[in-house]
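Inside the fold
So the chains spell out like this:
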Amino acid sequence: LKFLLKCGSKILISTDKGSTPLSAAAQNGHTEVARLLLAHGALIDSVSNTGSTPLSLASQNGHLGVVALLVEHGAAINKPSNGGATPLFWAAQFVVYFFFDSFFFQHKKHIEWAQEIVEVLIKYGAAVNVKNNRGASPLSVATDRSHLGVVSLLIDHGATLDAEDKKNNNTQ
């Protein structure tokens, strides 16, 4: 990548779906690539056709290093996607299920990553009571996914306990 940048490769390009080199690095957890792209002028809050930003993609895919890098460089922490989901919403619902011997289970490390990302986003000012276009909140999706650590973090930082989504489901 360094060689390509020295040769004048363009980093302010996007695909027909609005994906940029920085969003690809963020989505795939390539922290050092993201750092290099930012140092060469990549747009930190580039938006895809679905409204995804590099921060939302890193949050959605559990990439703590990229999330920390982006928020430290001033990424828009509460920018929603077209569906209204902010990076905190994506982090609160992050889960990877594994299938083993007829059972689905969550990997403990992935649960810890979700908690760490939520902590970073809250530290940098993520709104905990934001709702997506269906009326769901980070707390409701964390509750649905049984992310007890994330639920606890959100409540400790002021998440509303009696919030209802548009289907009248609540977090109590």
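For the structure given in this document, a descriptive report is provided here. (Residues numbered from 1 in each chain as written. Predicted model: local features only at pLDDT ≥ 70, side-chain atom pairs only at ≥ 80, totals over all residues. Heavy atoms only, no water.)

A word on the packing of helix α2 (residues 21-28) against helix α3 (residues 31-39)
Put simply, the test is: Note on geometry: axes are C-alpha line fits, over the in-contact stretch for helices, and angles between N-to-C directions span 0 to 180 degrees. For helices the rule is a DSSP run of H or I covering at least 4 residues; for strands it is a run of E covering at least 2, with both sets numbered from the N terminus onward. Every angle not falling under 35 degrees, over 145, or within 65 to 115 is termed oblique; those three ranges are roughly parallel, roughly antiparallel and roughly perpendicular. Handedness of a crossing follows from how the near helix is turned relative to the far one, being left-handed for an anticlockwise turn of less than a right angle and right-handed for a clockwise one. The contact criterion used is simple: two residues touch if any of their non-hydrogen atoms lie within 4.5 Å. Residues are grouped as follows: Ala, Val, Leu, Ile, Met, Phe, Trp, Tyr, Cys and Pro are nonpolar; Asp, Glu, Lys and Arg are charged; every other residue, Gly included, is polar.
Running from N to C, α2 and α3 cross one another at 155 degrees; their axes reach a closest spacing of 8 Å. Between α2 and α3, the crossing angle belongs to the class labelled roughly antiparallel. Classified by chirality, the crossing of α3 by α2 is left-handed. Taking contact as the criterion, the partners of P21, L22 and A25 in α2 are, on α3, V33, A34, L37 and L38. Tallied by class, residues from the contact of α2 with α3 come to 7 nonpolar, no polar and no charged.

So, the packing of aromatic side chains
Rules: Two rings belonging to Phe, Tyr or Trp (six-membered ring only in the last case) form a pair when the distance between their centres is within 6.5 Å. Interplanar angles under 30 degrees mark stacking, angles over 60 mark edge-to-face geometry, and anything in between is tilted. Any residue under 20% of the maximum accessible area for its type is buried, any over 50% is exposed, and the rest in between are partly exposed; the area is computed with a 1.4 Å probe on protein chains only.
On inspection of all chains with the given rule, the structure shows 1 aromatic pair. The interplanar angle of 90 degrees and the centroid separation of 6.2 Å between the aromatic rings of F89 and W90 together place this pair among those described as edge-to-face. This pair shows no difference in class: F89 is buried, exactly as W90 is.

A few points about the packing of α3 against helix α5 (residues 64-72)
Where α3 meets α5, the axes come as close as 9 Å, and the angle between the chain directions of the two elements is 20 degrees. The orientation of α3 relative to α5 falls into the category roughly parallel. Viewed along their axes, α3 and α5 form a crossing whose handedness is right-handed. Taking contact as the criterion, the partners of T31, A34, R35 and L38 in α3 are, on α5, G65, V66, L69 and L70. For the contact of α3 with α5, the residue count by class is 5 nonpolar, 2 polar and 1 charged.

Some thoughts on the nonpolar core
Worth spelling out the cut-off: For our purposes a nonpolar core is just a set of buried Ala, Val, Leu, Ile, Met, Phe, Trp, Tyr and Cys residues, chained together by side-chain atoms within 4.5 Å.
One finds L55, L70, L88, V118, L121 and L154 to be the most contacted residues of the largest nonpolar core, which totals 41 residues. Of all elements in the fold, only α2, α3, α4 (54-60), α5, α6 (87-93), α7 (108-123), α8 (138-144) and α9 (148-156) reach the threshold of two or more residues within this core. Top element by residues in this core is α7. It accounts for 6 residues. Discounting residues that sit within four places of it in the chain, L70 has contacts with L22, A26, L38, I44, P54, L55 and A75.

Looking at the pattern of salt bridges
What counts here: Think of a salt bridge as a Lys or Arg side-chain nitrogen and an Asp or Glu carboxyl oxygen that are within 4 Å of each other.
A complete count under the given rule lists 1 salt bridge for this structure. E32 is paired through a salt bridge with R35; the nearest N and O atoms lie 3.1 Å apart. On the criterion of helical spacing, the pair formed by E32 and R35 is a turn pair, its members being 3 residues apart in helix α3. You can call E32 exposed: its relative accessible area is 53%. Since its relative accessible area comes to 38%, R35 is described here as partly exposed.

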